[in-house]
Amino acid sequence: MPTCRRKRVVLIEPSQALLQAANTNPDKEVYYLHQTGEIFENYETYAARMSFYRLKQFQCEVTGKSGLDYFQALESEIQEAQTMHARFPEPLKAAVLKAVQWQVVGRLDHLVEAVFDRFKDRYFADEKVFVDVQGDKFYAKVVQVFPPRSTDEGANLVPQNHASSSTSPPQVHHVPQAEDSVQIHKIGGDLKTPAKEALIRDDPMKYFYKIQILEEQHDKSHEKGKAAIKDKAKWSGSLMDVQCSAMSRDRLAFSKSILRRFIRDCVDRDAAVASPWTVKSAIAKHFGVDSIMPEETRKGVENIKRGEIDKRKKVWEDKDGPPTKKQKKMTAAQEERVKVLAAAAEKREREAREKAEKQQKAKEEAERLAAEKKKKKPIRYPTEDLDVRLSDKEKKAGMKVKRPVPSRIALPFGDDQGTFEAFLMAWNFLVVYGQPLHISSFTMDEFEHAMRHSVIDPPCALLGEIHSTLIYNLRTVPFTRHSAVLSLLRSKEDTEDQEQDKVLGVTIDQLAAAMADVGNNWERVPLRHSELRAGWEDALLGCLKDHANLQNFPRLREVLTRLLFAPDLPAEPSTSSSSSRVSSPAFQSLTLSSSAGERYHTLPPVDRIAILAFMCNLAISSKAIHVHMESCEEQLTALRKEKIEVNRLKKQYVEEMNALAGEVEVKEEPSTNGVAEDAVMHDSSDLSDVLSEDGSETASATSGRQKGSARQKDLRQKAHSQAHAKQRELARAKVASAKQALAEHRRLDEEVNKIERRLEGIEREFRKLFGAIRVKPLGKDRFHNRIWWFDGMGSASLLGSGGVVQYGTGRIFVQGPSEFDQDLLAKREENDVEARRQEEEGEEGILGPGQWAVYADLEEIDELLAWLNPKGVRELALKNVFAKWWNHIAPGMRKRITDLNISAKLPEARRSTRTKSTGGHDISREPYMMWTNRRAVNAS
């Protein structure tokens, strides 16, 4: 049985209610677990039990393998049991099981030891053994077992455990005793009989066994010479009588380990004290083992139990206090009464002790909690952000208490959060996957203005390029022809009042009729860049007709109606510029048939964004996007390897620079003492030589003394000049070495600067490539608000040619916590999260799930960074990411503000009468109208 946490898994029995239901309602539906045979009344209990069985926490009881689920452990036990039962000698099984039945042994190891010692030299009929004949081992089968016989009979036998020089196999003939009259190994196999007594009464060395040799144990290919093979082949099939000293079993069939596994698989015992080992009923029935405990055995077991209980009771009494005085011997009734009273007294004492312990524990717990409240342990920073609170000292030091409030109005289409999310997703998809889509990057401001472009002339090139490249991409995505029409007709069948089912004054039948002949060739129509993507509106309609339905595009009917029908009276042209935030036009009944090319410019921005979001969701499954993502993965792997190599090279250069700096410092220390000493020593040595020479001459002549003094003076001058020359040479060498070291240090410094610039480039490339696979926020603040920066990802770059600053959004976006994060905040022990949000974020700054806001000014970002507390884990990580990318975030925001100021001054500076715009300025000079697609393929 598999175990879980060292305990056997007990199968669940059917409840009483279920058993009664089986009698009253046999057709009741239940859940059956066929692997274990368990029956469950409802699915919840069945699923819970199956989940428990699937946990990787079970252990095979036979092999000891852990980390398995229940079914794997059960299968392992079954396989091991089958292997073990196949190896264990079949004739030995019944004898071993009869020996262990009703044995009271504490540990299974002791029982295995006793059984092994009794049966290692006892063999049974039909058992396969190894026999030693003349120094060679043969595989043989026990044909017959002869119990101990008289000494005279045994003396006439040839001892078979010695090698024989005879060329023929020895044949032993005797008159066997009747096996029915004597049971084989009856006394020796009975564990109730002491081992010494069993050895005397039933000595295994006195048994004789008739065996038949089957084959040689070893492979005959290893023998040398054919004569040896022929000599041993004649033993095959021979019958002979041997004793146990010449016999042995295969260790794979009989050893302590396999015997332990066999006994553990076949026997069991209760958990009570001194419970006997019992053979499982099915196994006992199969091998003819008596399953009814004999009365004598039962009494012996009860005596053992009573003795064990008394022994434990005595140990307990010895622990409680000194032994009591000797008392007179009591009768059985008195003893029984004393036992009952002692048990009752012990129960009362135990209950009183448990009650006192509970009270003491409760008191200690209350004291501990009170002490923790008074004196909290020092917090190790960084820690959970919400556990960090500003102290009065930090507030006086100028730490920001309230976060700057991000603007919701400054968001593109911020009045509708759902529309903004779709707008953000579409812009990010088009910019990130600009390379496989063959479209140049553009800013979010340009994209917003294009979505608001509401005049038909001049046309917006950005709109045409975006829709055309998505249409080309969706031609490779599988679609269902006329899926939009079919979906509309199915919705018509579900509508009861078809006359009143009108959208913008158009019924489904009218819409389906208008769609019949429009856009049918959209997947083959060329939309050439050189022709300004002429006809992209009709192709867009055909794409929607084949790809969209009411399930994946809920606004389908309204969009198609606005694209194919026009109002009776044309609406007055808008007097606002394309960059204004005027909402969609008021409702008008559309009755006149029109075309998508004439009506697209009248679509409200909400519908345009919905169309692009739908097309982007389809395009993500295209082959071109998948190939691009795989290419980005490969490039990321190469960048990671390059970064490791570059960092290793940088470390090597820094170590060399440090070593050079140390050498220069050592060489700059004054070291003239050694040179002076050398010069002095050299001078004195020369003088000593001169004096010794003079001493050898005659000291009486005055002329000799004058010549000697002149010579000494010359030698002294010569030594000084040599010392100065050596000093000058050493100084020149030092200067040259210092110059060389300085030049090498300068060269290494330049190399390190190059490496650092390369590392910055790797980080920018990594951000671009990683953004094509997964978009991640910069981090979270203490309230789990996500901080986003979308610049520099995918096909967009942070730096242009010549290091010019580029931006995509030029802003920092804030997203409210998810529902999961809000659950985490609600589960905190301190229920002060809402109060803290009110205090630190303000009423206007609190964002819920799915809500967005934006920071557009650098001053707000500086205040945000001052508000972040580096003692918190999340805000420390967020602050580090801001520091990493600040050299790109700040210039991008400044560049956007500059561009906005320039574009705001353009309408006043540029007036033209040649434009058809009614706003008084040339719309074609707006930045979004001047955008060009440099990645467009010439053929498309």
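Note that this is a predicted model, so its numbers are computed, not measured. (Residues numbered from 1 in each chain as written. Predicted model: local features only at pLDDT ≥ 70, side-chain atom pairs only at ≥ 80, totals over all residues. Heavy atoms only, no water.)

1. Let's talk about the overall build of the protein
Working step 1: If you tally the helices and strands in the protein, you get 30 helices and 18 strands.
Working step 2: In the protein, 75% of the contacts between residues at least 6 apart in sequence involve partners at least 24 apart.
Working step 3: Summing over all exposed atoms, the protein offers an accessible surface of approximately 56,300 Å²; the carbon and sulfur share of this is 52%. (Helix = DSSP H or I, 4+ residues; strand = E, 2+ residues; numbered from the N terminus. Contact = heavy atoms within 4.5 Å. Areas by Shrake-Rupley, 256 points an atom, 1.4 Å probe, with all protein chains shown as cover.)

2. Considering helix α17 (residues 461-474)
Working step 1: Its 14 residues place the ends of α17 20 Å apart at the C-alpha level, agreeing with the 20 Å of an ideal helix rising 1.5 Å per residue.
Working step 2: The element α17 is extensively covered by neighbouring structure, given that 12 of its 14 residues are classed as buried. (Expected span 1.5 Å × (residues − 1). Buried < 20%, exposed > 50% of the residue type's maximum accessible area, 1.4 Å probe, protein only.)

3. Remarks on helix α23 (residues 605-619)
Working step 1: Look at α23: 21 Å from first C-alpha to last across 15 residues, which is about the 21 Å you get at 1.5 Å a residue.
Working step 2: With 13 of 15 residues buried, α23 lies mostly within the body of the structure.

4. Focus on the pattern of salt bridges
Working step 1: Applying the stated criterion across every chain, the model contains 48 salt bridges.
Working step 2: Where Glu756 meets Lys650, a salt bridge forms, and the shortest distance between an N and an O atom there is 3.7 Å. Linking Glu756 in helix α26 (residues 702-771) with Lys650 in helix α24 (residues 623-668), this pair joins segments that are 106 residues apart in sequence.
Working step 3: The exposure class of Lys650 is partly exposed, given its relative accessible area of 23%. (Salt bridge = Lys/Arg side-chain N within 4 Å of Asp/Glu carboxyl O.)

5. Focus: the packing of aromatic side chains
Working step 1: This structure, assessed with the given rule, holds 32 aromatic pairs.
Working step 2: With a centroid separation of 5.5 Å and an interplanar angle of 65 degrees, the aromatic rings of Tyr53 and Phe71 are classed as edge-to-face. One end of the pair, Tyr53, is in helix α2 (residues 43-54); the other, Phe71, is in helix α3 (residues 70-87), with 18 residues separating them in the sequence.
Working step 3: The exposure class assigned to Tyr53 is buried, which follows from its relative accessible area of 0%.
Working step 4: Ring geometry for Phe429 against Tyr433: centres 5.1 Å apart, planes inclined by 55 degrees, an arrangement best described as tilted. Each member of the pair, Phe429 as well as Tyr433, carries the same accessibility label: buried. (Phe/Tyr/Trp six-rings, centres within 6.5 Å; stacked < 30°, edge-to-face > 60°.)

6. Regarding the sheet that holds strand β1 (residues 3-4)
Working step 1: Spatially, 3 strands are ordered β2-β1-β5 in an open sheet, and the strand pairing comes out antiparallel. Either end of the sheet is taken by a strand with one partner, and the two such strands are β2 (7-8) and β5 (58-59).
Working step 2: For β1 and β5, the ladder comprises 2 bridges, and the chain directions are antiparallel. Within β5, the position partnered with Thr3 by the bridge is Gln59. (Pairing = 2+ DSSP bridges.)

7. Some words on the sheet that holds strand β16 (residues 786-788)
Working step 1: A sheet is described by the order of its strands in space; here 4 strands give the open sequence β15-β16-β17-β18, paired in antiparallel fashion. Taken across any chain shown, the strands that pair with only one partner, and hence form the sheet edges, are β15 (779-780) and β18 (852-855).
Working step 2: By the bridge criterion, 2 bridges tie β15 to β16 in an arrangement that is antiparallel. Looking across to β16, one finds that Lys780 is bridged to Arg786.

8. Looking at the side chain of Arg49
Working step 1: Looking at the secondary structure, you find Arg49 in helix α2.
Working step 2: Residue Arg49 is classed as buried on the basis of its relative accessible area of 13%.
Working step 3: Among the polar contacts made by the side chain of Arg49, one reaches the side chain of Glu38 at a distance of 3.5 Å.
Working step 4: The residues contacting Arg49, other than those within four sequence positions of it, are Val9, Val10, Leu11, Ile12, Glu38 and Phe40. (Polar contact = N/O pair within 3.5 Å; in protein donor to acceptor, adjacent residues only side chain to side chain.)

9. Observations regarding the pairing of strand β7 (residues 136-146)
Moving residue by residue along a regular strand, the side chains alternate between the two faces of the sheet.
Working step 1: Of the strand pairs in this sheet, strand β6 (residues 128-133) and β7 are connected by 6 bridges, and their pairing is antiparallel. In the sheet register, Val131 faces β7, and the bridge partner there is Phe138.
Working step 2: Between β6 and β7, which follow one another and run antiparallel, lie 2 residues, and Gln134 among them has a positive phi close to 55 degrees.

10. Considering a negative patch on the surface
Working step 1: Judged by side-chain charge, Asp857, Glu859, Asp862 and Glu863 come together as a negatively charged surface patch.
Working step 2: Structurally, the position occupied by Glu859 is in helix α29 (residues 858-867).
Working step 3: Residue classification places Glu859 among the exposed positions, given a relative accessible area of 54%. (Patch = residues over 30% accessible without salt bridge, like charges linked within 9 Å, V, L, I, M, F, W, Y side chains within 5 Å. Lys, Arg positive; Asp, Glu negative; His and termini not counted. Charge placed at Lys NZ, Arg CZ, Asp CG, Glu CD.)

11. Some remarks on the nonpolar core
Working step 1: Membership of the largest hydrophobic core comes to 94 residues, with the highest contact counts inside it found for Phe442 and Phe447.
Working step 2: Each residue touching Phe442, except ones within four places of it in the same chain, is listed here: Trp427, Leu430, Val431, Phe447, Leu462, Ile466 and Trp931.
Working step 3: Core analysis: the next-biggest nonpolar cluster, separate from the first, contains 30 residues, Leu92, Ala95, Leu259 and Trp277 among them. (Core = buried A, V, L, I, M, F, W, Y, C linked by side-chain atoms within 4.5 Å.)

12. A short note on the side chain of Ser468
Working step 1: Looking at where Ser468 falls in the secondary structure, it is placed in helix α17.
Working step 2: Judged by its relative accessible area of 0%, Ser468 falls in the buried class.
Working step 3: Looking at Ser468, its side chain comes within polar contact range of the main-chain oxygen of Gly464, at 2.6 Å.
Working step 4: Residue contacts for Ser468: discarding those within four places in its chain leaves Leu527, Arg533 and Trp536.

13. So, unusual backbone geometry
Working step 1: Look at the link from Tyr381 to Pro382: it is a cis peptide, with omega at -5 degrees.
Working step 2: Along the chain, Pro382 falls in the loop between α12 (332-374) and α13 (392-396).
Working step 3: Note the cis peptide between Asp457 and Pro458, where omega equals 5 degrees.
Working step 4: By the secondary structure assignment, Pro458 is in the loop between α16 (444-451) and α17.
Working step 5: The backbone of His185 shows a phi angle near 50 degrees, a positive value even though the residue is not glycine.
Working step 6: Position of His185 relative to the elements: it lies in the loop between α6 (151-155) and α7 (195-201).
Working step 7: A relative accessible area of 4% means that His185 is categorised as buried.

14. Here we look at the packing of helix α19 (residues 508-515) against helix α21 (residues 556-564)
Working step 1: α21 packs onto α19 with a crossing angle of 60 degrees between their chain directions and a minimal axis gap of 10 Å. Considering their axes alone, α19 and α21 lie oblique with respect to each other. Note that α19 runs across α21; the crossing there is left-handed. Contacts between α19 and α21 involve Ile508, Leu511, Ala514 and Met515 from the former and Arg557, Leu560, Thr561 and Leu564 from the latter.
Working step 2: Residues belonging to the contact of α19 with α21 are distributed by class as follows: 6 nonpolar, 1 polar and 1 charged. (Axes fitted to C-alpha atoms, helices over the stretch in contact; angles between N-to-C directions. Parallel < 35°, antiparallel > 145°, perpendicular 65-115°, else oblique. Left-handed = near helix turned anticlockwise from the far one by under 90°. Nonpolar A, V, L, I, M, F, W, Y, C, P; charged D, E, K, R; others polar.)

15. A few points about the packing of α17 against helix α20 (residues 536-547)
Working step 1: One way to put it is that α17 packs onto α20 with a least axis distance of 10 Å and a crossing angle of 40 degrees. Taken together, the axis directions place α17 and α20 in an arrangement best described as oblique. By crossing handedness, the relation of α17 to α20 is classed as left-handed. Only Trp536, Ala539, Leu540, Cys543 and His547 of α20 make contact with α17, whose side of the interface consists of Leu463, Gly464, His467, Ser468, Ile471 and Leu474.
Working step 2: In terms of residue class, the contact of α17 with α20 is built from 7 nonpolar, 4 polar and no charged.

16. Some remarks on a nonpolar patch on the surface
Working step 1: A cluster of nonpolar side chains, contributed by Val30, Tyr32 and Ile39, occupies part of the molecular surface with about 260 Å² of accessible area.
Working step 2: Tracing the backbone through its elements, the reader meets Tyr32 in strand β3 (residues 31-33).

17. A word on the environment of Ala140
Working step 1: Here Ala140 lies in strand β7.
Working step 2: Judged by its relative accessible area of 0%, Ala140 is buried.
Working step 3: Separated by 98 residues in sequence, Ala140 and Ser238 have C-alpha atoms that sit 9.4 Å apart.

18. Looking at the confidence of the model for the protein
In regions of low pLDDT, the predicted coordinates are not meant to be interpreted in detail.
Working step 1: Overall, the predicted model of the protein reaches an average pLDDT of 81, with 82% of residues at or above 70.
Working step 2: Overall, residues 219-225 carries pLDDT values under 50, and its contacts beyond four positions in sequence, including any with other chains, amount to 4 contacts.
Working step 3: Scored below 50 in pLDDT, residues 910-919 makes 12 contacts in the model with residues more than four places away or belonging to other chains. (pLDDT = per-residue confidence, 0-100.)

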